[in-house]
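Here are the chains, one letter per residue:
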Amino acid sequence: SSIPMFQLEEVSIFLRTATSGLETGLRISLSVELADPRNGEACDSAEMRQPLMFLGELRVSTAPTPQISGTLAMVGVWYQSFGLDFLHIGNLALSLGFTPPNPMPTRIAASGQLSLGRNCYYEFEGVISDNTADNSCVSAAVAFAYDSMDPTAAYFYLHLQNFDIESIILAMCKEREAQNILAILPQVVKETGFIGDAFFSYSASTSVQYTPTGTQIQPGLFINGTLNFLGYHIQAYIKIIPYVLIDIDCTCDPINILGFRLSSFHDTSIGPIVKIKAGLGGTSGDLATVAAGMLTTSTSNATDLPISIDVYLSGSLQIFSSSADVLLVINTTHY
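Let me sum up the structure you'll find in this document.

What counts and how
Throughout, a residue's number is its position along its own chain's written sequence, starting from 1. pLDDT decides what is reported in this predicted model: residues at 70 or higher carry local features, side-chain atom pairs at 80 or more are listed and counted, and totals for whole chains, interfaces and linings draw on all residues regardless. The basis for every side-chain value is the complete set of heavy atoms in the structure, and neither hydrogens nor water enter the calculation. Note on geometry: axes are lines fitted to C-alpha atoms, helical ones only across the stretch in contact, with angles between N-to-C directions running from 0 to 180 degrees. The helix and strand labels rest on DSSP assignments: H or I over at least four residues marks a helix, E over at least two residues marks a strand, and numbering proceeds from the N terminus. Roughly parallel here means an angle under 35 degrees, roughly antiparallel means over 145, roughly perpendicular means 65 to 115, and every remaining angle is called oblique. Two helices that cross are described as forming a left-handed crossing if the nearer one is turned anticlockwise from the farther one by less than a right angle, and a right-handed crossing if clockwise. The contact criterion used is simple: two residues touch if any of their non-hydrogen atoms lie within 4.5 Å. Relative accessibility under 20% of the residue-type maximum defines a buried residue, over 50% an exposed one, and the middle range a partly exposed one, all with a 1.4 Å probe and only protein chains included. The definition of a polar contact used here is a pair of N or O atoms within 3.5 Å, where within protein one atom must be able to donate a hydrogen and the other to accept one, and adjacent residues in sequence count solely through side-chain atom pairs. Any pair of Phe, Tyr and Trp rings, taking the six-membered ring for Trp, is counted once the centres come within 6.5 Å. Such a pair is stacked with planes under 30 degrees apart, edge-to-face with planes over 60 apart, and tilted for the rest. Each nonpolar core is a collection of buried residues, namely Ala, Val, Leu, Ile, Met, Phe, Trp, Tyr and Cys, held together in the definition by side-chain atoms within 4.5 Å. Put simply, a salt bridge is a Lys or Arg side-chain nitrogen that is within 4 Å of an Asp or Glu carboxyl oxygen.

## Thoughts on the packing of helix α1 (residues 165-172) against helix α2 (residues 175-183)
- Interhelical geometry of α1 versus α2 gives an angle of 150 degrees and a closest axis separation of 8 Å. Classified by the interaxial angle, the pair formed by α1 and α2 is roughly antiparallel. Here α1 runs over α2; the crossing is right-handed. For the pair α1 and α2, the contacting residues are Glu166, Ile169 and Leu170 in the first and Ala178, Gln179, Ile181 and Leu182 in the second.

Structural data, given as structure tokens:
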């Protein structure tokens, strides 16, 4: 049979606490199998052995402003979407919030995942398993939220995996076509892009937020990844929570311009190193722990708290046969 199978998973009424107050609502979830596992025949959409969970939720929240909201989500991956063997869509969700008596949505949140490649998932004994780490698979997950009644509830999230030119060509083209294209491209061009996983997110809140499908969004600005641009590498870890935490750890390949070479003080095979940590609480220890403890502190009181600072700068400048080294270490106890 090519008719999908349906199974009711949950019907529940809930009452829970949230960052904005109490929430009560109704949840309904439905499991759908796009292929019939009883006889192994596939439906028209794809040949898969993996159920998708469709979730609907209606909520009423209280503080700071009464709001009625609803969420529709597809949890799981639709393997070979629309019958295309290189297209895989997953974890789709849309959430809308209404503030009575306004008939227009005052809050919107959405998320989704897109994977391209014929080797993103593999089947073993009738079960579809994740293989998106394969370098011939390109994956991107994105989420965003906006709330006109609560600006601190806004966020943006992007996760890229194997997002380089070679992987994109391998994912989009058939093997022979991909090899023909890659054969004419220089190696530095093929490798241009992000290496492995790259994360970019911003949240206006000072506490952790979650997408409709449960992905965690860190407070403040967060960037973590390595970029290869025509053979030049830049690695960056940046986490900034206003009034609470600054954590920066960046390095790159040596910089060579017109006889000038700028590298690290300790290792000339890499470029200059910049590390900056600053947080509230008067300690230069685990600033992430300090930040977590300060997230509930109002910004007006935060400026009165002691500040911890750790700065590490390492560089070596070579001009023809001459060189100058710089190593700067500063914290709240010495420099």
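## Topic: the environment of leucine 87
- With respect to the secondary-structure elements, leucine 87 resides in strand β5 (residues 87-98).
- Residue leucine 87 is classed as buried on the basis of its relative accessible area, which comes to 13%.
- The spacing of leucine 87 and cysteine 120 is 33 residues in sequence and 9.1 Å in space, taken between C-alpha atoms.
- Aside from chain neighbours lying at most four places away, what touches leucine 87 is Trp78, Tyr79, Gln80, Ser81, Phe82, Leu114, Ser115 and Leu116.

## Here's the deal with α1
- Listed as buried for α1 are Ser167, Ile169 and Ala171.
- Looking at the packing, one finds that the buried side of α1 touches β6 (105-116), β9 (138-147) and α2.
- At the N-terminal end of α1, a side-chain oxygen is found 3.2 Å from the backbone nitrogen of glutamate 166, two or three residues along, and the residue is aspartate 164.

## Some points on the packing of aromatic side chains
- Summed over all chains, the structure comprises three aromatic pairs.
- Pairing tryptophan 78 with phenylalanine 82 gives two aromatic rings, centres 4.7 Å apart and planes at 55 degrees, and the pair type is tilted.

## Some remarks on the nonpolar core
- Formed by Ala109, Ala141, Ala143, Ala145, Tyr155, Tyr157 and Ile217, the largest nonpolar core amounts to seven residues.
- Of all elements in the fold, only β9 and β10 (155-161) reach the threshold of two or more residues within this core.
- The element best represented in this core is β9, accounting for three residues.
- If sequence neighbours within four positions are ignored, alanine 141 has contacts with Gly112, Gln113, Tyr157, Leu158 and His159.
- Counting residues in hydrophobic clusters, the runner-up holds five residues, among them Leu87, Ile89, Leu116 and Ala171.

## Quick word on the side chain of serine 81
- Tracing the backbone through its elements, the reader meets serine 81 in the loop between β4 (67-78) and β5.
- Looking at serine 81, its side chain comes within polar contact range of the main-chain nitrogen of isoleucine 89, at 3.2 Å.
- Beyond its immediate chain neighbours, meaning those up to four positions away, serine 81 contacts Leu87, His88 and Ile89.

## Thoughts on the pattern of salt bridges
- This model, assessed by the stated rule, comprises one salt bridge.
- Between glutamate 57 and arginine 59 there is a salt bridge; the shortest N-O distance is 3.1 Å. In terms of burial, glutamate 57 and arginine 59 fall into one category: buried.

Coordinates in, geometry out; function isn't part of it.
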